[in-house]
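Letter by letter, the chains look like this.
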Amino acid sequence: MESPSRSSVIIIGAGVSGISTAKVLAENGVEDLVILEASDRIGGRIRKEDFGGVPVELGAGWIAGVGGKESNPVWELADKSGLRTCFSDYSNARYNIYDKSGKIYPSGIAADSYKKAVESAIRKLRNEEANPCGGGNNVCKVTEPPSMPNTPMELAIDFVLHDFEMAEVEPISTYLDFGEREFLVADERGYEYLLYKMAEDFLFTSEGKILDSRLKLNKVVRELQHSRNGVTVITEDGSVYEANYVILSVSIGVLKSQLISFNPPLPRWKTEAIERCDVMVYTKIFLKFPYKFWPCGPGKEFFLYAHERRGYYTFWQHMENAYPGSNILVVTLTNGESKRVEAQPDSDTLKEAMGVLRDMFGPNIPDATDILVPRWFTNRFQCGSYSNYPLISNGQEFHGIQAPIGRIFFTGEHTSERFSGYVHGAYLAGIDTGKALVEEMGKESTERNSSCSENQAFLLEPLLALTGSLTLTQTETVQALHKCDIPTQLYLSSKIGIQEAIL
Ligand SMILES: Cc1cc2nc3c(=O)[nH]c(=O)nc-3n(C[C@H](O)[C@H](O)[C@H](O)COP(=O)(O)OP(=O)(O)OC[C@H]3O[C@@H](n4cnc5c(N)ncnc54)[C@H](O)[C@@H]3O)c2cc1C
């Protein structure tokens with residue numbers, strides 16, 4: 001078998017973190033890199049698809065965190081690329097809660113219930129912070145217990161609050177740092193256009209396509225063999241790649257799955273940290289209609305369906321702000337409901353969604369003409385939508401997940417301490433990992449150079465002494481030369497020349 005060529009760095013995964021890492025490496029002179037991507041495209045969880053005549057975002061849709069004291073770097077990229085976006089105001093959703101008979105709950109009652117739910121959630125967090133029960137600590141202070149949601153309206157509010165707004169530890173770093181506004185990407189080129197723009201700076205592209213042979217698509221990595229000297233990467237099609245370093249940017253879901261094996265296996269503290277981080281499943285289901293039958297206009301973009309089953313087709317959005325006349329509705333499911341619909345035929349999902357819409361808007365609304373159900377959980381290159389760290393966490397999980405193992409570095413949204421779960425988290429994590437690796441390579445080369453100067457002096461000893469007798473065996477010499485990047489051929493010819501001169 002032909003021996004694989006060795007690169008400085010192999011990046012596994014061409015999502016936003018993989019591409020931003022590669023860009024940092026290229027900017028720092030690391031050009032001999034290879035990017036191995038399992039699917040047939042770059043972008044990962046940023047993915048546009050044409051549906052019902054418009055481009056829809058199956059994965060990330062919003063640039064979250066805009067308008068604050070610091071500028072969100074993804075917002076800056078979007079601005080530079082002229083990406084079209086629309087402002088989204090979720091806060092109105094609570095005033096558009098429909099019951100099963102199609103009546104909207106009076107806004108006063110809904111607002112009250114929302115306020116109570118927020119207070120209760122904050123109380124629960126404070127209690128957990130003050131009383132980290134479990135783990136053998138049995139001295140919990142009993143404080144006022146948080147109230148549990150019971151009615152369909154309370155359940156709908158609880159769903160929005162916990163599965164959307166407060167899925168993270170309060171205060172939310174994204175909003176603190178970058179601002180509380182969110183903008184929906186509504187651009188023909190898709191959110192993924194930002195990745196192509198980034199890639200353009202260091203990969204060879206032509207007419208919107210990446211033609212650089214260093215990007216290898218449809219390469220599913222299955223095994224990483226690592227040692228002090230380097231990493232061998234084996235893909236599903238039997239290809240073998242070697243590198244001095246690997247950057248692994250696959251999702252937390254993939255790390256938890258058995259898709260990639262490590263030889264030697266990852267240490268226990270690493271696998272335990274990976275296990276402790278939850279994976280959130282978040283599914284946007286798109287429905288196309290022959291005409292609109294839902295209210296539009298200010299404050300109507302989002303609406304909720306109140307049902308006794310929590311999370312049952314609760315959160316709805318119309319796409320008239322993004323694409324007027326598109327006649328598309330989006331309903332978002334999470335976790336258990338997401339997994340349930342992923343496992344059933346789309347025709348069943350369509351029936352359920354139509355049942356819910358007929359509850360809200362009456363029996364005479366038209367059937368949807370098309371449905372699109374993304375399957376992030378079943379997709380073996382994703383195994384979920386994004387990481388979900390425990391609400392009360394001391395940062396141990398995060399540090400464990402992020403820490404390199406020898407020559408394998410870890411990146412991706414799940415390695416971002418402040419912004420996990422977001423595009424900007426993945427982007428910034430990629431930059432940080434790229435910089436950390438550049439630093440590591442610098443250190444290694446300094447160490448190698450100093451040990452090589454010693455070695456070189458040692459190797460030159462016999463030459464300088466002009467005795468012609470070698471103090472090292474040939475194998476030892478060649479190994480030392482490899483370590484110091486001195487071409488063997490050059491050395492041997494100079495050696496022969498000197499020996500000839502001696503003779
Ligand atoms: C439905 C959904 C909605 C979201 N909404 C938002 C939002 O509105 N705003 C926001 O900021 N964020 C949102 N996110 C989160 C955001 O999309 C992610 O945080 C971000 O895109 C993750 O980028 P990444 O580079 O870390 O990982 P990925 O994009 O997952 O990149 C990893 C890459 O690795 C590849 N890969 C996996 N296994 C292998 C293998 N064995 N060999 C080779 N390659 C492999 C994958 O194919 C993928 O391309 C959403 C995500 C989802 C799924």
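The model shown is predicted, which means the values in this text are computed figures rather than measured ones. (Residues numbered from 1 in each chain as written. Predicted model: local features only at pLDDT ≥ 70, side-chain atom pairs only at ≥ 80, totals over all residues.)

J.: What's the story with the confidence of the model for the protein in this structure? I'm lost.
T.: Do not read the fine detail of predicted coordinates wherever pLDDT is low. Per-residue confidence for the protein gives a mean pLDDT of 86, with 83% of residues at or over 70. The low-confidence segment residues 133–140, where pLDDT is below 50, has three contacts with residues more than four positions distant or belonging to other chains. In this model residues 458–503 is a low-confidence stretch, pLDDT under 50, and it forms 24 contacts with partners more than four residues away in sequence or in other chains. (pLDDT = per-residue confidence, 0-100. Contact = placed C-beta atoms within 7 Å.)

J.: Would you take a moment to explain the pairing of strand E8 (residues 181–185) for this structure?
T.: Remark: a regular strand shows side chains that alternate across the two faces of the sheet. The buried fraction of E8 is high, at four of five residues. By the bridge criterion, four bridges tie strand E5 (residues 62–66) to E8 in an arrangement that is antiparallel. Note on E8: the bridge partner recorded for Trp62 is Leu184. Note: strand E6 (residues 85–88) against E8, four bridges, orientation antiparallel. Among the inter-strand pairings, Ser88 is bridged to a residue of E8, identified as Glu182. (Buried ≥ 20, exposed ≤ 12 C-beta atoms within 10 Å, placed from the backbone. Helix = DSSP H or I, 4+ residues; strand = E, 2+ residues; numbered from the N terminus. Pairing = 2+ DSSP bridges.)

J.: Hey, could you run me through the site of the ligand in this one?
T.: Lining the immediate surroundings of the ligand are 41 residues, of which Gly13, Gly15, Ser17, Gly44 and Gly412 lie closest. Elements with a minimum of two residues in the shell around the ligand: helix H1 (16–27), E5, strand E17 (282–288) and helix H12 (423–465). Of the residues assigned to the shell around the ligand, the class counts are 22 nonpolar, 15 polar and four charged. Here the shell around the ligand spans two domains, since at least three of its residues come from each of domain 1 (6–46 + 191–275 + 390–443) and domain 2 (62–189 + 282–372). (Near = placed C-beta within 6 Å. Nonpolar A, V, L, I, M, F, W, Y, C, P; charged D, E, K, R; others polar. Domains from an automatic or database assignment.)

J.: Would you mind showing me how to read the sheet that holds strand E20 (residues 328–334) here?
T.: In a beta sheet, neighbouring strands pair by backbone hydrogen bonds and run either parallel or antiparallel. Spatial strand order, E7-E18-E19-E20-E17-E21: six strands in an open sheet with mixed pairing. Only two strands of the sheet have a single partner each, and these edge strands are strand E7 (97–98) and strand E21 (370–372). In terms of strand pairing, E7 meets strand E18 (residues 302–305) through two bridges, oriented parallel. Along E18, the bridge assignment pairs Tyr98 with Tyr305.

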